[in-house]
Amino acid sequence: RAPAVELGGGAEGPPGGAGGAPKEQDAGRAFRAGHFAALVVGATGVVFGDIGTSPLYTFSGIFVDVLKTNDPTPEDVRDAFAMIFWALTFVVGFKYVCIVMSVSHHGEGGTFAMTSKILESSEQDGKPVGKTMRAAVTFLGMLGLALLAGDGCITPPVSVLGALNGIPLAISADAQVAIAVVVLLFVFLVQRRGSDFIGRIAGPVMIVWFAAIAALGIYNLFQHPGAAKLVAHGLNPSCLVSFWTQGRYRGADAWRSLAGVVLSVTGAEALYADLGHFGRGPISAAWFGLVYPCLVVQYMGQAASLCVNGRGVNNPFFQAVPREMLWPMTILAVFAAVIASQAMISGLFSLLAQAQAFKLVPRILVLHTNPDQQGQVYIPEANWALCIACLAMTIGFKSSDSLAGAYGITVTSTFLISSILLWTVMRRVWGWRMLPALLLTVPIAVVDAALWSANVLKIVDSGWVPVVISVCLCFLMHTYQWGRGREESVMARQLEAETSELQRQGAPVALATVATLPGLQAALDHSLLARTGKAAVFLTPYEWRVPRTLGALASLLGSLPQTIVLLSVSFEAVPFISDEHRAAFTALSSGVYSVVLYFGYAEPLVAGTRAVHKALARLAREHCDEHPGLRSLTTLDGENEASPMASREAGASAAELGAGGRGAAASGTTDLQGSTFVVSKVHYACFPDAKHGWWNRVRVAVYRFLVTNARSSIRFLGLEGEETVEISVVRFV
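Quick look at the structure, then. (Residues numbered from 1 in each chain as written. Predicted model: local features only at pLDDT ≥ 70, side-chain atom pairs only at ≥ 80, totals over all residues. Heavy atoms only, no water.)

1. Some words on the overall build of the protein
When helices and strands are tallied, the protein shows 29 helices and 8 strands. The buried share among the 733 residues of the protein stands at 53%. The long-range fraction of contacts in the protein, counting pairs at least 24 apart against all pairs at least 6 apart in sequence, stands at 81%. Of the roughly 30,700 Å² that the protein leaves accessible, carbon and sulfur atoms contribute 61%. (Helix = DSSP H or I, 4+ residues; strand = E, 2+ residues; numbered from the N terminus. Buried < 20%, exposed > 50% of the residue type's maximum accessible area, 1.4 Å probe, protein only. Contact = heavy atoms within 4.5 Å. Areas by Shrake-Rupley, 256 points an atom, 1.4 Å probe, with all protein chains shown as cover.)

Structure follows, in structure tokens:
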């Protein structure tokens, strides 16, 4: 479907001839440069907050939490800096920024982007993915989202509580928790403004933060020139070998220290998930132009300070801050920590929007906060669920040290999943040969596996918390996918049976069980069922399928409306759809019409916009001369219509649908008193005549719970303020 978006300009040149072209080209270049710069600033604030605040706790994570020492030697500090430097360079810079971010799906990033590329390229190349591989790739994408969500419950509390540790006042732990709760509530309250708005505010703050920590690093390097010379040797890869083979913490201790080193790269997984918010170019420019050099200088200066005062490792960042700058840096650190949560939150929104496209999560409201960037989304349900989880973590663990044990396992698991999917992309999408793909992915996988294996030990401490959260979310998504598959298989069997029956007998099927448009036409053409003067709009998820509500209404009332509109709604990959491309209309026999309404991703269908009503009213005006039964739809947009009741009881509305009886249909008149939307509410149950184990019964119950508590069709399409009937039907799966 061609994008129905009108672009400025055309084939003709600008007024005034060719003389205006250079000015327009210069203006266009200036606009593009300004837009790119704005995206770079936004990416700095939204994407790199988590990585940018890691100097607050990385060295203490390595020595205090993992290696259990409060007095590291200068050589230990130098080697730890070498581990941090090469982790930043290899994991973030090489793997994610240079390699992984080159894999996008319609500009989106994250594990689902890789999954989509693998599945789509296989179909385009004529090499269909096997059932097992399709299930495995989809499961990896699903697991990646679940792990990111588990990590998202830890990152905001750790960042905020870690920043509050620098307050140069003696305040109780309960007071710190209370402050953290207020800060986190503020973070989630502003999410509805969108990442573009947040980036405009957070970008300058984070630029100041990175400049400040770089200046602090330079200050410490000049303050301790001897230690600075020692730390500079950490840029040499030989220090990695020394740390693992000759240092005080060689061998197993060096391997365990990776659980602390990973704190320096947490946020890399969210960096890729945020690709759709800002794009690869701005994120890469922000990383190599600002974030990476500032972090390296800060870690060098912090390491030089620790070489001189190793006992400051309990609070390594603030012990390196000059006394007169302690309050300003503490305030700036708190602001940076607040922003640090943004990368995880916005990345989670993006992945959830992709998961809904994959039909792995129930219906949720996805609001596009910036029409120019499809990936900038806000999901209210996810925002407040994550807020509750973060507040629970903050109140339950009370300090960043307690939460440090829970940090890292989900991050490194996401690293591993992205490496596996990257290998598959190289082989199936990019068409790489085995040897080049191995040469690139094996080093990446080895580093990821080392980081992951070191963090597995945290499970026995508090690492089980995000793991349990991730497992539960993965189970819910897998169950929802399983339930959708069972539903679709039931529908496919109904379609096949009905088609065979029509072809074999040439007679209509029962109206109460009709499932397809040909079956409905045949049933109505041969039916003596009374038709009332009312018009009804039946919502259906597929334009070819007749909803169960139609047959249920016919069985319940013994009649049907004279005008039946089967409506389905489709969202396109463009921000807006023009009115002339809004609807696809098909007139069938017996007063049945099939309508498909198309909306762009930036067009919210909330009650205030009345978008569905306006589109149907406009369509009815275009076709009512040829099809008089559509006249009652012309008032749906509120024109020439008295204020209707906001809602009615389902029984009363259904009774009105059946009013008029056979006489109205016989007279051929049409009642123009309005139309009724008919929406289904499905209840799921196991087939009564089949044998089901307890596990299948549990999954059906969970699937029923997920669908029941999803955003209803009435709210999703903005039908709250109209005459709407909700009919309950039972579907066996």
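There's plenty left to go through after this.
2. Here's the deal with empty space enclosed by the protein
Taken as a whole and assessed by the stated rule, the structure comprises 3 cavities of 30 Å³ or more. Contributing to the lining of the largest cavity are Tyr96, Gly110, Thr111, Gly144, Leu148, Glu269, Tyr272, Ala273, Leu351, Thr414 and Ser418. Going through the elements one at a time, helix H6 (131–152), helix H13 (268–273) and helix H20 (409–429) are the ones with two or more residues in the lining of the largest cavity. Broken down by class, the residue content of the lining of the largest cavity amounts to 5 nonpolar, 5 polar and 1 charged. (1 Å grid on protein atoms, 1.4 Å probe; cavity = no way out; pocket = protein on both sides within 12 Å on 5 of 7 lines; lining within 4 Å. Points joined across faces, edges and corners; volume = space filled by probe spheres on them. Nonpolar A, V, L, I, M, F, W, Y, C, P; charged D, E, K, R; others polar.)

3. Points about the side chain of Thr516
Among the structural elements, Thr516 can be located in the loop between helix H22 (464–505) and helix H23 (517–525). Overall, the relative accessible area of 4% leaves Thr516 in the buried class. Those residues within four positions of Thr516 in sequence are excluded, and the remaining contacts are Leu495, Glu498, Trp544 and Val546.

4. Notes on the nonpolar core
By size, the foremost hydrophobic cluster in this structure holds 154 residues, and its most contacted members are Phe48, Phe59, Leu88, Trp209, Phe210, Leu271 and Trp287. Counting residues per element, this core draws most heavily on helix H17 (residues 326–357), which supplies 17 residues. Residues Trp482, Phe538, Ile564 and Val733 belong to the second largest nonpolar core, which totals 30 residues. (Core = buried A, V, L, I, M, F, W, Y, C linked by side-chain atoms within 4.5 Å.)

5. As for the layout of surface pockets
Computed from the structure, the second largest pocket encloses a volume of approximately 800 Å³. Taken together, 26 residues line the second largest pocket, and the ones lying closest to its centre are Leu352, Ala382, Ala385, Leu473 and Leu476. Put simply, the parts of the chain that give the lining of the second largest pocket at least two residues each are H6, H17, helix H18 (380–397), H22 and helix H28 (694–708). If one sorts the elements of the lining of the second largest pocket by residue count, H18 sits on top with 6 residues.

6. What about the packing of helix H8 (residues 173–189) against H18?
In the contact formed by H8 and H18, the axes pass within 10 Å of each other and the chain directions differ by 170°. On the basis of their axis angle, the class for H8 and H18 is roughly antiparallel. Across the interface between the two elements, Val177, Ala180, Val181, Leu184, Leu185, Phe188 and Leu189 from H8 touch Asn383, Trp384, Leu386, Cys387, Cys390, Leu391, Thr394 and Ile395 from H18. Looking at the contact of H8 with H18 residue by residue, the classes come out as 13 nonpolar, 2 polar and no charged. (Axes fitted to C-alpha atoms, helices over the stretch in contact; angles between N-to-C directions. Parallel < 35°, antiparallel > 145°, perpendicular 65-115°, else oblique.)

7. Quick notes on helix H7 (residues 155–164)
When you tally the buried positions in H7, you get 10 out of 10 residues, the bulk of the element. Residues of H7 that are buried: Thr155, Pro156, Pro157, Val158, Ser159, Val160, Leu161, Gly162, Ala163 and Leu164.

8. Section: the environment of Gly301
Positionally, Gly301 belongs in helix H15 (residues 280–308). The buried category is assigned to Gly301, whose relative accessible area is 0%. Between the alpha carbons of Gly301 and Ile218 there is a distance of 6.1 Å; along the sequence they are 83 residues apart. Discounting residues that sit within four places of it in the chain, Gly301 has contacts with Gly217, Asn220 and Leu221.

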